[in-house]
Every structure is written in structure tokens, then in C-alpha cells.
Amino acid sequence: MSVKNNFFQRIGKAKVIIEGVNFDRLLNDIVTRQIKIIEVARQNNILILTISCSFLAQLIALLKEKCYTFTIQKQSGIANFFDVFITRWGLFLGFLISVLVFGFASCFVWGIVVENDEAQLQQTFNKILAENNLGVGVLRFNQSSYEIEQCLLDNIPELSLVSASFKGTNIIVNYTLQTEKEEMLEQQKKVNIVATNDGIVTSISVTSGTALVKVGDVVKKGQILIAGYKIVEEEQVECVASGTVYANVFKSATIQFPLKTIQWVRTGNFLTGTEIKLFNKTISNNQPDVDFEHYETIITYEKYNLLIPLEFYVTRYYEVESVEIEQDFESSKESIIAQSRLLALEQCSAVDNIIDESYDVNFVSDVWFVTYNIKIKEKIS
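In this text, all values refer to a predicted model and were calculated from it rather than measured experimentally.

Caption draft 1: Summary view of the overall build of the protein. From N to C terminus, the protein includes eight helices and 21 strands. Burial analysis of the protein (381 residues in total) assigns 28% to the buried set.

This is the structure in C-alpha cells:
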């Protein structure tokens, strides 16, 4: 076996498997010739040596001199790297073409991602940008964030703010809708002060207008508290109402706990469907005929954005059946009270002044009702 003794072949490690006997004498000869061994292992009449490739030619010469049978099982290092590409030009050429194609494809935009798309404007954005030679399929260097933002603002009147940025081969878009002009005018021309919540009035201060409620009154949300007029010499004169009204407001939450309840559990049977999309268009859709009477679906999604943006959707249809179970209220009571309290607290803000907390427990038709009440002092004007 011949081994090239060039610079690159001298880098790395080689494992040599030797068959024969008198390995002690062979090892002494190896040490005498100053061949450095990295690792040695022996199995009956087989000796396995791991050495630096720089000593491989010397070891091979010694083994041939001693008439040993040997094989080189593994050679690592930069030598192998160059050998692969020297002997496999097709692999190298394919790798080079892949790099060039990937580099060329990465110069284009292949997807538009709209974050917080509450108004469902994704398709509208795609269409408008395409009509203006922007977006998907256009060279990244032929479009800018500013151009995209201005294009969307000019063509969609309901947009207030638009932010566009590039991430890889995608355009990331965020937007804010304009506040309705009618609502703004209504706020500016507000005449009466109305209750913003239900409650019991605890204090009222009027600087302009006429109070229509007094301390202790129960008021409903939307009820006029201070009217936009004042009495001058027994005549009603219009004005802009101004003042402050505080009330005790109750935040409450109720949780039902039936003694018997139905739970849906999986039977173990399921069906699988797949869908593949390219540029938000379905190119393959294989869905099963679901004959389950009751089932739940779980959809998983993966996106591969290498040369082309392929999107894979896998849908699992799990068959479920109803099972009736009995529940013990006493063992769950404290947990239910805590849950109802959390739900009530979610209706309060961090600055609310909590005056009192209480809960009620009632039992009606095999169902326990736990209601948690929080009383706060709130400005309702």
C-alpha cells in the first residue's frame, strides 16, 4: 500500500491494523526508529496502532521490512478533505453549483411576514406590493424598507403607521390602524359626563354642569352623572360638563362546579393529513376522510426557506369519546375559590383601591356556584 508523502498527507491521524506475532519486538523497533504512537490496542494476533500521518510512511516501511500483513483502516485530517475533492470532481462541482444557486436565491425576497395581523391584511399587502414591483420574487437590493412602508401607507388609507424590515429572505411588516375619526370627534365634542361602570356613588364634585345623581345612588354604566347644562335665572343654558364622580364598584367572577361532568378523552385512533404550500398557495393537499363521530385536530407547521419557501402542514385527527366522571366539591373548594378570586382580580388594575373582598357559595341542581366579589373605589366619571 502506497501513501502519498506530501504536506497535506502529513496532517492528521491514521489507524493501522497489523496481523501477526512477536508484537513486543515490533514495538521495540518502532520506538527505536522514533515513530511516535498516539494509541495502541491489542486483540490476540491483531495489533492496532494510531499514529500521526507524518510517521505513516516510516511505519509502512518497517512493516514491509518485517513482512507483516497490515491495513490502514481510517485516515483523518485535511488530507482526506483534499483527497475527496481531488478524486470526486462531480461532488465538488455539485457543491459549488449549490452554493452559487443558494447565494443567487438569497438575493431575492421569498416571503412577507405580517406580525400582529389583527385586521387580516396579509393578502392585501402581498397584492399591493406585487403591483408596485415590490415584495416576493423581487431582488432584495431593488427595494428598501422606506419604499415598502410608503407604498402600503399610500394604498391603504386605514393604516396609521407601518414598519418594514428585512430578515433573511423575508420582509417583516408591523402596522397600526388609524383611530376612527367619528370616535375622535365624539370625544372632542363630549357634553355630558356618563358613568364608565356600574357602582354606588360615594362622592361627587361638579365644576361645570348639573349633577343628576347624589351620594348613595346606584348607577349603571352609560348613565348621565353630570349633565351638560346649568340653570341660570330658571333657564337651562348648555355647557360642557366638568366634574369628578367616585363610586364603590364591584368586580365579581363565578365558577360552576357540577358534581357530575363529561370529559372528552382520546380513544387512540387517529388519522393524518398533509398540506404543502408555496408562496402561500397550496400545491399539495392530502386530507383523509374523517368518519369519527367526535374528534379533535392538532396542526403542526414547519417552514423550509432554503432555495424556495416551502410550508408543510401536518394535521392529526384524534377520535374522542365522552366519559362521565363524579367530582368532590369539598376537596376542590379552596382551589375553586382561589380561581374565582384570580378571575375577579383580572378585572382590576394595579392602581385600583381595593376596599373589601368576599365570596359566596351556592348549590343549585347538582351544581356548586362559587362567586368571588371585590369592592373597589373607582373614578367613574
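Caption draft 2: Spotlight on the sheet that holds strand S6 (residues 159-167). An order of S5-S7-S6 is seen for the three strands of this open sheet, with the pairing classed as mixed. Pairing within the sheet leaves two strands with one partner each, and these edge strands are strand S5 (111-114) and S6. For this sheet, the mean inter-axis angle between neighbouring strands, taken without regard to orientation, is 25 degrees. Note: S5 against strand S7 (residues 170-177), four bridges, orientation parallel. Counterpart to Val114 in the pairing with S7 is Val173. This element, helix H5 (residues 122-131), spans S5, S6 and S7 of the sheet and lies at about 140 degrees to S5.

Caption draft 3: Quick look at the nonpolar core. Counting 24 residues, the largest nonpolar core has Val219, Leu225, Ile226, Val245, Ile336, Ile374 and Ile380 as the members making the most contacts within it. Counting only elements with at least two residues in this core, the list comes to strand S12 (224-227), strand S15 (242-258), helix H8 (329-345) and strand S21 (367-379). In terms of residue count, the dominant contributor to this core is S15 (six residues). Setting aside residues no more than four positions away along its own chain, Ile374 makes contact with Val249, Phe250, Lys251, Arg341, Ala344, Leu345, Cys348, Ile354, Asp356 and Glu357. Leu47, Leu49, Leu56 and Leu59 belong to the second-largest nonpolar core, a separate cluster that totals 20 residues.

Caption draft 4: Structural view of the sheet that holds S15. One open sheet accounts for five strands, arranged S11-S9-S15-S21-S20; its pairing is antiparallel. The outermost strands of the open sheet, each flanked by one partner alone, are strand S11 (218-219) and strand S20 (353-364). In terms of strand pairing, S20 meets S21 through 11 bridges, oriented antiparallel. From the neighbouring strand, Asn353 faces S21, where its bridge partner is Lys377.

Caption draft 5: Region of the structure containing the side chain of Glu275. Looking at the element boundaries, Glu275 is found in strand S16 (residues 260-278). Despite its burial, Glu275 pairs with no opposite charge; the closest candidate is Lys277, at 4.2 Å N-O. Looking at Glu275, its side chain comes within polar contact range of the side chain of Thr282, at 2.7 Å.

Conventions used here
Residues numbered from 1 in each chain as written. Predicted model: local features only at pLDDT ≥ 70, side-chain atom pairs only at ≥ 80, totals over all residues. Heavy atoms only, no water. Helix = DSSP H or I, 4+ residues; strand = E, 2+ residues; numbered from the N terminus. Buried < 20%, exposed > 50% of the residue type's maximum accessible area, 1.4 Å probe, protein only. Pairing = 2+ DSSP bridges. Axes fitted to C-alpha atoms, helices over the stretch in contact; angles between N-to-C directions. Contact = heavy atoms within 4.5 Å. Core = buried A, V, L, I, M, F, W, Y, C linked by side-chain atoms within 4.5 Å. Lys, Arg positive; Asp, Glu negative; His and termini not counted. Salt bridge = Lys/Arg side-chain N within 4 Å of Asp/Glu carboxyl O. Polar contact = N/O pair within 3.5 Å; in protein donor to acceptor, adjacent residues only side chain to side chain.

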